[in-house]
Structure formats: structure tokens, C-alpha cells
Amino acid sequence: TYLTDWIYVFHMPAYFCLSGVVFSMELKRNRYSSVWTLIVTKAKRLLAPMLFVWLVWNIPIKMLSGYYVGMNHPLLSAVMQIAFPNAVYLWFLEALFCCFVIDYIIIKHIKNQGLQFLIVGVMALIGLYFYKYMRQITPFGNPFKWLIWFWLGHSIDDIRKNWSQILKKYSGEAVHIGFAL
């Protein structure tokens, strides 16, 4: 139990952060020319497989096991569970897709990293509110809750460079903070 609890402290933040790091590398190579290109590419790679698994595996198993018995509209309930995933697997694919899109829009339209952090921080607080008080009706895997980790991963190299410059300025000597992407 303790090991499981310990793993759950960092495994999803690390997943979103590493996804942001890889996204940063893709953007530096000009992989996405527009938000529409990003949406189409990520929908094919994240949402299509998720929907396939839901339609071919998850919903049929739930139907056969009687999960939807007693519900007025079983098919509508299944679709709603895809849009509002709570206590189901694959929720993170929806959240990751939304994080890609939201992060792209923020970084393309707001160049000031401090303002980006403020916006992402407010979104994270909204996501935490959804998680605490509205978990059942939070759409798309609660991307606001995970956006801060994604943005940090995306911005980690810029943050490292800024801190290196600050330390260099105040120390009077060359200081290098240790890693590069």
C-alpha cells in the first residue's frame, strides 16, 4: 500500500511533464504549423485509439457484465462516461490531448513566461476545484488539473536558461545549470 501510494504521488505528474518536454522538442522542429494541424495529429494518435478501445472493449464488457443495467439510457451513459471519465481508465488520453491544445494556444499567443505561468496556475486551481467538488461531471479527464505539469515540462529548458542567466549575472562568473534537451 505504501509503495502504491508513493508511486501515485508522482507517476501522472511525471507523465504529463515528460509529454510537455517531448512537445517542446517537436515545436522546436516546427512540427505543428497551426493549432488545426496539432488537433488533427493528436486526435489520430490519442483520441482515435482511446475511442477504439472504448467501443470495441470497454463498452461491450460493461454491457455483458450488467454495468449499465437499471440505467434509463445505457448507450447514452456509455457515451457520457467517455466525455466525463471518472474512475475509469484511459481518462489521461483525453486530458493529454486537451493539454497539447491548451498549451499550444497559450504559448503561441502569450510570449511572457510569467503570464503563461499565471494562466496555467489559475487553470490548475480550477482543475483542483473540479477534482475536489465536481469529479463526476468534470469533462475530458480534467485537463486543467494536469496542464501545470505539462507546461512545466514544455518550459523546463527555458526556465533552466533563465535561471542560469540570473545566477551568472549575480555571481559574476559563468554558472551552468546542468542539463539540456
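Look a little higher up for the structure.
Residue positions are given per chain, counting from 1 as you read along its sequence in written order. Local features are withheld for residues below a pLDDT of 70 in this predicted model, meaning they are given only at 70 or higher, and side-chain atom pairs are given and counted only at 80 or more; totals for whole chains, interfaces and linings count all residues. For side-chain calculations, the full set of non-hydrogen atoms in the structure is used, while hydrogens and water are omitted.

A. Looking closely at the side chain of glutamate 94. To qualify as a helix, a DSSP run of H or I must reach at least 4 residues; to qualify as a strand, a run of E must reach at least 2; elements of each kind are numbered from the N terminus. Mapped onto the elements of the fold, glutamate 94 is located in helix H4 (residues 91–109). Residue contacts are counted whenever heavy atoms from the two residues lie within 4.5 Å of one another. Here glutamate 94 is in contact with Leu47, Met50, Ile82, Ala83, Pro85, Phe140 and Gly141, once residues within four sequence places are set aside.

B. Representation of the environment of phenylalanine 130. The residue phenylalanine 130 is located in helix H5 (residues 113–133) in this model. In sequence terms phenylalanine 130 and threonine 37 are 93 residues apart; their C-alpha atoms lie 29 Å from each other. Setting aside anything within four residues of it in sequence, one finds phenylalanine 130 in contact with Arg135, Thr138 and Asn142.

C. Structural view of the state of the cysteines. In this description, the term disulfide denotes a pair of cysteine sulfurs within 2.5 Å. Applying the stated criterion across every chain yields a total of 0 disulfides. This cysteine, cysteine 17, is not joined by any disulfide, and cysteine 99 carries the nearest cysteine sulfur, 12 Å off. Lacking any disulfide linkage, cysteine 98 is separated from the closest cysteine sulfur, that of cysteine 99, by 7.2 Å.

D. Layout of the environment of tryptophan 146. Mapped onto the fold, tryptophan 146 is located in helix H6 (residues 143–171). What makes tryptophan 146 buried here is its relative accessible area of 10%. Sequence spacing of tryptophan 146 and glycine 127 is 19 residues, and the spatial spacing of their C-alpha atoms is 7.7 Å. Contacts of tryptophan 146, omitting those with residues within four sequence positions, involve Met12, Pro13, Phe16, Trp91, Ala95, Cys99 and Gly141. The cut-offs for exposure are 20% and 50% of the maximum accessible area for each residue type, with area from a 1.4 Å probe on protein chains only; residues under the lower value are buried, those over the upper are exposed, and the others partly exposed.

E. Expanded view of the packing of helix H1 (residues 2–28) against H6. Axis definition: a line fitted to C-alpha atoms, over the contacting stretch in the case of helices. Angles run 0 to 180 degrees between N-to-C directions. In contact at an axis separation of 7 Å, H1 and H6 are set at 45 degrees when each is read in the N-to-C sense. Taken as axis vectors, H1 and H6 run oblique relative to one another. Here H1 runs over H6; the crossing is right-handed. Contact residues: Met12, Pro13, Phe16, Cys17, Ser19, Gly20, Val21, Phe23, Ser24, Leu27 and Lys28 in H1; Trp146, Trp149, Phe150, Leu152, Gly153, His154, Ile156 and Asp157 in H6. Tallied by class, residues from the contact of H1 with H6 come to 12 nonpolar, 5 polar and 2 charged. To sort the angles, those under 35 degrees are grouped as roughly parallel, those over 145 as roughly antiparallel, those from 65 to 115 as roughly perpendicular, and the leftovers as oblique. The sense of a crossing depends on the near helix, which, turned anticlockwise from the far helix by less than a right angle, makes the crossing left-handed and, turned clockwise, makes it right-handed. Amino acids outside the nonpolar list (Ala, Val, Leu, Ile, Met, Phe, Trp, Tyr, Cys, Pro) and the charged list (Asp, Glu, Lys, Arg) are all regarded as polar, and Gly is one of them.

F. Seen up close, the nonpolar core. The term nonpolar core refers to a set of buried residues drawn from Ala, Val, Leu, Ile, Met, Phe, Trp, Tyr and Cys, joined through side-chain atoms within 4.5 Å. Counting 36 residues, the largest nonpolar core has Phe16, Phe23, Leu38, Met50, Trp54, Phe100 and Leu147 as its most contacted members. At the level of secondary structure, the elements contributing two or more residues to this core comprise H1, helix H2 (35–65), helix H3 (74–83), H4, H5 and H6. Element by element, the count of residues in this core is highest for H4, at 12 residues.

G. Structural context of the environment of proline 85. You can see proline 85 is positioned in the loop between H3 and H4. Sequence separation between proline 85 and alanine 95 is 10 residues; the distance between their C-alpha atoms is 9.9 Å. Residues within four places of proline 85 in sequence aside, it is in contact with Trp91, Glu94, Thr138, Phe140 and Gly141.

H. Broad picture of the packing of aromatic side chains. We call Phe, Tyr and Trp rings a pair once their centres come within 6.5 Å, taking the six-membered ring for Trp, and we label the pair stacked below 30 degrees between planes, edge-to-face above 60, and tilted otherwise. Throughout the structure, instances matching the rule amount to 13 aromatic pairs. Taking the centre distance of 5.6 Å and the plane angle of 45 degrees together, the rings of phenylalanine 117 and tryptophan 151 count as tilted. Of this pair, phenylalanine 117 sits in helix H5 while tryptophan 151 sits in helix H6, placing them 34 residues apart in sequence. The rings of Tyr15, Phe16, Trp91, Phe92 and Trp146 are connected pair by pair, giving a single aromatic cluster. Either the NZ atom of lysine or the CZ atom of arginine qualifies as a charge over a ring when it sits within 6 Å of the ring centre and within 35 degrees of the ring normal. A cation over a ring is seen here: lysine 62 above tyrosine 67, with NZ or CZ 4.2 Å from the ring centre.

I. Spotlight on the pattern of salt bridges. Only one rule defines a salt bridge in this text: a Lys or Arg side-chain nitrogen within 4 Å of an Asp or Glu carboxyl oxygen. A complete count under the given rule lists 4 salt bridges for this structure. One salt bridge connects lysine 42 with glutamate 26, and the closest N-O pair in it is separated by 3.7 Å. Placement of the pair is lysine 42 in helix H2 and glutamate 26 in helix H1, with a sequence separation of 16 residues. We note that lysine 42, like glutamate 26, is buried. In this structure, aspartate 157 and lysine 28 form a salt bridge, with 3.4 Å as the shortest nitrogen-oxygen distance. Note that aspartate 157 is positioned in helix H6 and lysine 28 in helix H1, a separation of 129 residues in sequence. The buried category is assigned to aspartate 157, whose relative accessible area is 5%. Accessibility expressed as a relative area gives 49% for lysine 28, which makes it partly exposed. Members of the salt-bridge network, linked through shared partners, are Glu26, Arg31 and Lys42.

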